[in-house]
Amino acid sequence: MIIFFHLLNDRSGSPTVLRSTMDALDASEQGLLFVGSQGRGVLEEAGVPARRYWYRRSRYRLITLFTFFASQMALYRALSKVTDIPPDAVVFVNTLLPFAAMLWGHRTGRRVVVHVHEVSITPGPLRRFLTSCAGRCADLLLYVSNDHRARLPIEGPPALIVPNPVGAALVARADGHAPRQDRHQFRILMLASLRGYKGIDEFMTLAEGLQKRTDISFDLVLNAEADDIATFARRHSDAPNVIIHPRTDDPAHFYCSADLVLNLSRVDKWIETFGLTLVEAMTFGLPVIAPPIGGPVEIVRHGTDGYCIDSRDGAALHEAVLKLADDPETYDAMAWAARKRAQDFSFEAYAAALRAALNTLGEK
């Protein structure tokens, strides 16, 4: 039996990967999920029995920090009362945040796997506390890229690299998708959280600089609450070439309508450990623009299936977009290369690598 732990269920990268993880390990048959009470997202679609523990997130950072620790107290208390989890169950902790599960698993003698997704954890004392918990409690660490492991080394447990996959359902949608033939409108897409370090302002600045190009339009899909999206949209009501969308249950719909996908995370504020939307986009045969450091560099081959550009370099972004929009030969070559590259991140490859990693766990 495998017991999975996650904090906030939405449609961002880490719960999406956990959904693939549970599928790969047939968790609907032999799994159990503990997840925070706030948020609705992809984990509800996994078909895995779930138990919720209290968690509330706030727009105020200090309050969120307080509720986070309160949530872990609630989780530990709930785990201390369970009687139906066998002693040989594997504790699978998704991200470093559910540290109560690490402590409980270690205390009760169960094997603990920590799937690390983050690298930019602030404040510093929180990062040191969480990595210390993982170092002391985990029997195995899983990282999503070599760069990720180098940037957040955790001493003690053995560590393996298992790149994130594209979900099987999304691949099926991509297999039936033909490249768009109507090039009269070049559509640029970004899916991101509504946070400054994700490059939202850089995206809007890029769009502003291309307003005179009526044949180029922008779609921004924001993983945020409706009120926050409405506030953001009002601030940018003078951006006629940008359509702002709320979080989506169907990202494939947007990939099918796009010509180019961006990840503009600010490298001075946030390092992407992987970049799942990049691989998803490439599965649909879409070139991408990604940060020049971090996990995306292990995915995107600059000049072959996309570009690796610092989002603070507005001139380089502008030039790359126009190159792809105005040069069909370059675009078609990159689109073909992107689809080919995405095959390296298939669900089947992920499932095999994940099972092989878990097979390294010894008995305790």
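Structure: above.
Residues numbered from 1 in each chain as written. Predicted model: local features only at pLDDT ≥ 70, side-chain atom pairs only at ≥ 80, totals over all residues. Heavy atoms only, no water.

Here we take up the sheet that holds strand β8 (residues 186–193). Pairing between the strands of a sheet is mediated by backbone hydrogen bonds and can be parallel or antiparallel. Read from one edge to the other, the open sheet built from six strands follows the order β10-β9-β8-β11-β12-β13, with strand pairing classed as parallel. Edge positions in the sheet fall to β10 (242–246) and β13 (306–308), since each of these pairs with one other strand and no more. With strand direction ignored, the average angle separating the axes of adjacent strands in the sheet is 20°. Across two bridges, the pairing between β8 and strand β11 (residues 260–262) is parallel. For leucine 189, the partnering residue across the bridge sits in β11 and is valine 261. Of the strands in this sheet, β9 (216–223) and β10 touch helix α9 (residues 226–235), which is tilted by about 170° from β10. (Pairing = 2+ DSSP bridges. Helix = DSSP H or I, 4+ residues; strand = E, 2+ residues; numbered from the N terminus. Axes fitted to C-alpha atoms, helices over the stretch in contact; angles between N-to-C directions. Contact = heavy atoms within 4.5 Å.)

Turning to the nonpolar core, a few remarks are in order. One finds Phe4, Met22, Phe203, Phe218, Tyr255, Leu262 and Ile289 to be the most contacted residues of the largest nonpolar core, which totals 87 residues. Excluding its chain neighbours within four sequence positions, the residues that come into contact with phenylalanine 4 are Leu18, Thr21, Met22, Leu25, Ala27, Gly31, Leu32, Leu33, Phe34 and Phe92. Phe34, Val112, Cys133 and Ala134 belong to the second-largest nonpolar core, a separate cluster that totals 38 residues. (Core = buried A, V, L, I, M, F, W, Y, C linked by side-chain atoms within 4.5 Å. Buried < 20%, exposed > 50% of the residue type's maximum accessible area, 1.4 Å probe, protein only.)

Okay, the pattern of salt bridges next. Evaluated as defined, the whole model comprises 21 salt bridges. For glutamate 44, the salt bridge is made with arginine 40, and the minimal N-O distance between the two is 3.1 Å. Using a relative accessible area of 46% as the deciding quantity, one classes glutamate 44 as partly exposed. Look at the salt bridges and you will find they share partners, linking Glu202, Arg266, Asp268, Asp310 and Arg312 into a network. (Salt bridge = Lys/Arg side-chain N within 4 Å of Asp/Glu carboxyl O.)

It is worth spelling out unusual backbone geometry at this point. The step from threonine 122 to proline 123 runs through a cis peptide bond, and the omega angle for that step is 0°. Take proline 123: it is sitting in the loop between β5 (111–115) and α5 (124–137). A positive phi angle, near 50°, is found at aspartate 26, a position not held by glycine. As for its position among the elements, aspartate 26 is in the loop between α1 (13–24) and α2 (27–30). Look at threonine 95: it is not a glycine, yet its phi comes out positive at around 75°. Structurally, threonine 95 is set in the loop between β4 (90–94) and α4 (99–107).

Pairing is parallel across the open sheet formed by seven strands, whose spatial order is β3-β2-β1-β4-β5-β6-β7. Every other strand in the sheet has two partners, leaving β3 (50–53) and β7 (159–161) as the edge strands with one partner each. Strand-to-strand twist of the sheet, defined as the mean angle between neighbouring strand axes without regard to direction, takes the value 20°. Note that strand β2 (residues 31–36) and β3 share four bridges and pair parallel.

A word on the packing of helix α12 (residues 314–326) against helix α13 (residues 328–342). As a packed pair, α12 and α13 sit with axes 5 Å apart at the nearest point and diverge in direction by 95°. In this view, α12 runs roughly perpendicular relative to α13, as classed from their interaxial angle. Together, Lys323, Leu324 and Asp326 of α12 and Pro328, Thr330, Tyr331 and Met334 of α13 make up the contact between the two elements. In the contact of α12 with α13, the residues fall into four nonpolar, one polar and two charged. (Parallel < 35°, antiparallel > 145°, perpendicular 65-115°, else oblique. Nonpolar A, V, L, I, M, F, W, Y, C, P; charged D, E, K, R; others polar.)

Under the counting rule described, the total for this entry stands at twelve aromatic pairs. Taking the centre distance of 5.5 Å and the plane angle of 50° together, the rings of phenylalanine 4 and phenylalanine 92 count as tilted. You can see phenylalanine 4 sitting in strand β1 (residues 2–6) and its partner phenylalanine 92 sitting in strand β4, a full 88 residues away along the chain. Residue phenylalanine 4 is classed as buried on the basis of its relative accessible area, which comes to 0%. Ring plane angle 55° and centroid distance 5.7 Å describe the contact between phenylalanine 69 and phenylalanine 99, whose orientation is recorded as tilted. Of this pair, phenylalanine 69 sits in helix α3 (residues 61–81) while phenylalanine 99 sits in helix α4; the two residues are 30 residues apart in sequence, bridging distant segments of the chain. For phenylalanine 69, a relative accessible area of 32% puts it in the partly exposed group. A connected cluster of aromatic rings, assembled from ring pairs, spans Phe68, Phe69, Phe99 and Phe129. (Phe/Tyr/Trp six-rings, centres within 6.5 Å; stacked < 30°, edge-to-face > 60°.)

Turning our attention to the packing of helix α11 (residues 276–283) against α13. Where α11 contacts α13, the axes come no closer than 7 Å and their chain directions differ by 115°. As summarised for this structure, α11 and α13 are arranged roughly perpendicular, according to the angle between their axes. Crossing of α11 over α13 shows left-handed handedness. Every residue of α13 that contacts α11 at Val279, Met282 and Thr283 is listed here: Ala338, Arg339, Arg341 and Ala342. A per-class count over the contact of α11 with α13 returns four nonpolar, one polar and two charged. (Left-handed = near helix turned anticlockwise from the far one by under 90°.)

Everything listed is a geometric property; what it means functionally is a separate question.
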